[in-house]
Amino acid sequence: MRPMSFGQGGPQSQWDPWKPQSQQPWSSGGGQSPDWAALAEASEARNKRRRLFLVGGGALATVAIGAAVAVAVVSAGGDNQANSPTSQVPSAGIPSESASAPSFAPTSAPPPLDPKDFIASAKKDTAPLSPDTLFSGTQLTLGGTTYKKGPTADTRNCASAAGGTLPKVLTANDCTRLIRATYVKDGIAVTVGVAVFDTEAQADKAKDETNKRSFVKSLSGGGVKGFCESGFCRTTSNSYGRYAYFTNAGFTNGKDVTPEDTAVFKIGNDLAQFAFDQIHRRGQAQASAAANG
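Residues numbered from 1 in each chain as written. Predicted model: local features only at pLDDT ≥ 70, side-chain atom pairs only at ≥ 80, totals over all residues. Heavy atoms only, no water.

Enquirer: Would you mind going over the state of the cysteines in detail, with residue names and values included?
Expert: Each disulfide consists of a covalent bond between the sulfur atoms of two cysteine residues. Here the structure, examined in full by the defined rule, presents 2 disulfides. The disulfide bridge from C158 ends at C175, spanning 2.1 Å between sulfur atoms. Taking the sign of the torsion about the S-S bond as the criterion, the disulfide between C158 and C175, at about -75 degrees, is left-handed. On the criterion of sequence distance, the pair formed by C158 in the loop between β2 (145–155) and β3 (162–164) and C175 in the loop between α4 (166–172) and β4 (177–185) is long-range, its members being 17 residues apart. With a sulfur-sulfur separation of 1.9 Å, C228 is cross-linked through a disulfide to C233. Disulfide C228-C233: the torsion about the S-S bond is -105 degrees, which places it as left-handed. Judged by its relative accessible area of 25%, C233 is partly exposed. Disulfide connectivity for the protein chain, with bonded cysteines indexed by sequence position, reads 1-2, 3-4. (Disulfide = S-S within 2.5 Å. Helix = DSSP H or I, 4+ residues; strand = E, 2+ residues; numbered from the N terminus. Buried < 20%, exposed > 50% of the residue type's maximum accessible area, 1.4 Å probe, protein only.)

Structure, rendered in structure tokens:
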């Protein structure tokens, strides 16, 4: 019987150290070992080819991406940029922020109407005027203090409702009307008077010509005792628009007013402020009506 021979009887197997389960060639005779040097050279050659392939593939991918970017940039510029070199980015291809922002025609709101313009002259100040429009209601609350309203009066003869040097001042500046109202609290009374002129200039001049002896006459009756008919009382004068307004405050028992009588000063100041506010509201109402009309 022939002895069995290993390694014969079929094609010699191809061993590849990079492939799993491949067979390493070996010889049955002579006990020779594999040629390790040759195997190492073959492995190195294969590694070098693989690295070259990977490097080459990466370069091709970079070139492809660069070409795609160049095409995209050129296309964004429109047909007139199609022949531009790919290394140049056309300026028209990148829209600016201002180009994409919507633009609107400039607009401006008309300035608000000035209330004082409507109370500066009789031509524009045409709203109804009476004791009820200036001094409405039966009482007045200011700063937490409530004053009861007494009698009111309205006259076209301004000098007849004034005292001291005021009649001459009102007449010289063509006062057309004088409206008065009295308010009381705790034995103290004040008469507030609003003189009406045709123009702001006349009202300003009348106010400038008043002095300490210029006062509006106190108005009593209707449960309000007479006051400030003699002795010392506290008076004020001012103007706003075509109106001049005055106060005359004192005790209903006839006592003279002194600088220490702060309650008398307070009621005079409160009613002077109220007169100003009421005149200003006339201007506001007419300005609003004109703006909405």
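Enquirer: Describe the pattern of salt bridges, with residues and values.
Expert: A full pass over the atoms with the stated rule returns 8 salt bridges. Where K185 meets D186, a salt bridge forms, and the shortest distance between an N and an O atom there is 3.7 Å. Look at K185 and you get partly exposed, because its relative accessible area is 34%. Here D270 makes a salt bridge to K266, at a shortest N to O gap of 2.9 Å. In this pair, D270 and K266 are both assigned in helix α6 (residues 262–292), 4 residues apart and thus about one turn of the helix distant. In this structure, a network of salt bridges that share partners links the residues D125, R242 and R282. (Salt bridge = Lys/Arg side-chain N within 4 Å of Asp/Glu carboxyl O.)

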